Amino acid sequence: GVGRKDEAIREGIRATEQLPISKDALAGVGPVLDLAFIYTRVGDHDAALDQIELLLSEPNFVSIELFRRGPIWQPLRQHPRFKKLVKRYGSS
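Thresholds applied
Residues numbered from 1 in each chain as written. Predicted model: local features only at pLDDT ≥ 70, side-chain atom pairs only at ≥ 80, totals over all residues. Heavy atoms only, no water. Phe/Tyr/Trp six-rings, centres within 6.5 Å; stacked < 30°, edge-to-face > 60°. Helix = DSSP H or I, 4+ residues; strand = E, 2+ residues; numbered from the N terminus. Buried < 20%, exposed > 50% of the residue type's maximum accessible area, 1.4 Å probe, protein only. Contact = heavy atoms within 4.5 Å.

Given two aromatic rings, one states the distance between the centres and the angle between the planes to describe the pair. Counted under the stated rule, the structure contains two aromatic pairs. The interplanar angle of 80 degrees and the centroid separation of 6.2 Å between the aromatic rings of Phe37 and Trp73 together place this pair among those described as edge-to-face. With Phe37 in helix H2 (residues 29-42) and Trp73 in the loop between helix H4 (64-69) and helix H5 (80-89), this residue pair connects regions lying 36 residues apart in the sequence. Overall, Phe37 belongs to the partly exposed group, its relative accessible area being 27%. Residue Trp73 is classed as buried on the basis of its relative accessible area, which comes to 3%. Site record: aromatic cluster; members linked through ring pairs are Phe37, Phe67 and Trp73.

Next up, the structure:
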């Protein structure tokens, strides 16, 4: 939000590398969610959806409803890939 897109992405990636889901399935979710949000904020929706798809494909506490209802994910909702994820992981 302060014009430091590359730095934000770099730090988000660094956090996911320091605490990967493969090492800690619970705590590793947070950095991936943060990185998805960073990508959403900077307008790199495909990269954001890559992270979201990763989260949804692994057993954890994240569900498609977080992305369907959370206001921070609004910019993604009309993206064709997002709609496919809703169909794949949604219960309705």
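Now that the structure has been shown, we can carry on.
Turning our eyes to something else, we now look at the environment of Phe37. Spatially, the C-alpha atoms of Phe37 and Gln51 are 9.2 Å apart, while their sequence positions differ by 14 residues. Apart from residues no more than four positions distant in its own chain, Phe37 is found in contact with Ile72 and Trp73.

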